Amino acid sequence: MSLVTYHITSDHKDILRGSAKLACSFWNYFLEPKQPIVIRLGTFSRFGNTIARAYRPYSQDGVRYGVVEFNKRYLNSFDEEEIVGTLIHEIAHTLGMGWDKWMQLFSATTGKFHKKYVRQLPELKNMLVETDYGPGTTLSHWDESRFDQEIMSGFKDDDEYVLPVTVNVFELLGHTIVTKLNKKTPLRELLDRVRGMQFSSTGKLASIDRTAYIETELWEEIYENKRTKAPMS
């Protein structure tokens, strides 16, 4: 059994540790990843309005890693939902939204999903991938104009929600869906549902090297009041 787990490289008043547990519980509730997923969390200090940043995911020894860092200047002012929502979003990218097989599912010109995949997942008929806002945002999120406030749109919002297709699409990326989401649901409600959930398969967790690190390019920067993307190099 594979799981989504985390590794803390630096923290601020244990804020990230609690949020990481909840974000990982969210994804472990809905799916079993095809390979272990580790989200590496750390902090940085910077003046200005950059509140967090994420780097291109990487793989090593059968484990997929994502790196997210939060600006310590802002952590005290974030509520739990803001931090956990950001982590859920970035874990989704680490699971493959925006990379590899994902890019084969739709037309990069129109953002519409190919008929082959719509037949496999009919919900995709009504979905559209973002084709605007430049590298990092384009082709890796749901269309902002149609799906504003959805957890996987390209901009950070208050009172976010999750669509069933945001969970179910990961089956097309090779993951196993273990719990279906039946309707559009506020993120806050889903966090209450998975709160207190315990990781299982501790033996499997112990076998994962959560410290492995490969430096990759900056992928996404989150600014105060809105989320924008750093260009790919």
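Everything numeric here is computed off the predicted structure, so don't read it as measured data.

1. Side note on the packing of aromatic side chains
So, step 1. All told, the structure shown has 15 aromatic pairs when counted by the stated rule.
So, step 2. Ring geometry for Phe 26 and Trp 27: centres 5.0 Å apart, planes at 85°, overall edge-to-face. The same class applies to Phe 26 and to Trp 27, which are both buried.
So, step 3. Ring geometry for Trp 102 against Phe 113: centres 6.0 Å apart, planes inclined by 80°, an arrangement best described as edge-to-face. Residue Trp 102 is found in the loop between α3 (80-95) and α4 (115-120), and its partner Phe 113 is found in the loop between α3 and α4; the two are separated by 11 residues along the sequence.

2. Some words on the nonpolar core
So, step 1. In terms of nonpolar packing, the biggest core is built from 63 residues, with Trp 27, Trp 102, Phe 113, Leu 124, Trp 142 and Phe 170 touching the most fellow members.
So, step 2. When residues in this core are grouped by element, the largest group, 8 residues, is from helix α1 (residues 15-30).
So, step 3. When near neighbours in sequence (up to four residues on either side) are disregarded, Trp 102 contacts Gly 96, Met 97, Phe 113, Val 129, Leu 139, Ser 140, Trp 142, Val 169 and Leu 173.
So, step 4. Judged by nonpolar contacts, the second largest core, of 9 residues, contains Leu 3, Val 38, Val 63 and Val 67.

3. Brief notes about unusual backbone geometry
Across residues other than glycine, the phi torsion is negative in most instances, and most of the peptide bonds are trans.
So, step 1. Although it is not a glycine, Asp 61 adopts a positive phi angle of roughly 50°.
So, step 2. Its location among the elements puts Asp 61 in the loop between β4 (50-60) and β5 (63-71).
So, step 3. Its relative accessible area of 72% is what places Asp 61 among the exposed residues.
So, step 4. Not every positive phi belongs to a glycine, and Gln 149 is a case in point at roughly 80°.
So, step 5. You can see Gln 149 is positioned in the loop between α5 (144-147) and β6 (161-162).
So, step 6. The exposure class assigned to Gln 149 is partly exposed, which follows from its relative accessible area of 30%.

4. Some remarks on a positive patch on the surface
So, step 1. A surface patch of like charges, here positive, comprises Lys 34, Lys 101, Lys 115, Lys 116 and Arg 119.
So, step 2. Here Lys 34 is to be found in the loop between β2 (31-32) and β3 (37-44).
So, step 3. By relative accessible area, which is 52% here, Lys 34 ends up exposed.

5. Let's talk about the pairing of β4
So, step 1. Sheet analysis places β4 next to strand β9 (residues 218-223), joined by 5 bridges and oriented antiparallel. Bridged to Ala 54 within β9 is Glu 220.
So, step 2. With 7 bridges joining them, β4 and β5 adopt antiparallel strand pairing. Pairing of Gln 60 across the sheet is with Val 63, part of β5.
So, step 3. Following β4, the chain reverses through 2 residues before pairing antiparallel with β5; Asp 61 in that reversal takes a positive phi of roughly 50°.

6. Let's talk about the side chain of Asn 71
So, step 1. Inspection of the secondary structure assignment puts Asn 71 in strand β5.
So, step 2. Separated by 2.8 Å, the side chain of Asn 71 and the backbone oxygen of Thr 50 make a polar contact.
So, step 3. Other than its neighbours up to four places away in sequence, Asn 71 contacts Phe 44, Ser 45, Arg 46, Thr 50 and Ile 51.

7. Some words on the pairing of β5
So, step 1. The buried fraction of β5 amounts to 9 of the 9 residues, a majority that puts the element mostly inside the structure.
So, step 2. In β5, alternate side chains face the same way, and those of Val 63, Tyr 65, Val 67, Glu 69 and Asn 71 on one face and Arg 64, Gly 66, Val 68 and Phe 70 on the other are all buried.
So, step 3. Both β3 and β5 contribute to a ladder of 8 bridges, which runs parallel. Paired with Ile 39 across the strands is Gly 66, a residue of β5.

About the cut-offs
- Residues numbered from 1 in each chain as written.
- Predicted model: local features only at pLDDT ≥ 70, side-chain atom pairs only at ≥ 80, totals over all residues.
- Heavy atoms only, no water.
- Phe/Tyr/Trp six-rings, centres within 6.5 Å; stacked < 30°, edge-to-face > 60°.
- Buried < 20%, exposed > 50% of the residue type's maximum accessible area, 1.4 Å probe, protein only.
- Helix = DSSP H or I, 4+ residues; strand = E, 2+ residues; numbered from the N terminus.
- Core = buried A, V, L, I, M, F, W, Y, C linked by side-chain atoms within 4.5 Å.
- Contact = heavy atoms within 4.5 Å.
- Patch = residues over 30% accessible without salt bridge, like charges linked within 9 Å, V, L, I, M, F, W, Y side chains within 5 Å.
- Areas by Shrake-Rupley, 256 points an atom, 1.4 Å probe, with all protein chains shown as cover.
- Salt bridge = Lys/Arg side-chain N within 4 Å of Asp/Glu carboxyl O.
- Lys, Arg positive; Asp, Glu negative; His and termini not counted.
- Charge placed at Lys NZ, Arg CZ, Asp CG, Glu CD.
- Pairing = 2+ DSSP bridges.
- Polar contact = N/O pair within 3.5 Å; in protein donor to acceptor, adjacent residues only side chain to side chain.

Everything listed is a geometric property; what it means functionally is a separate question.
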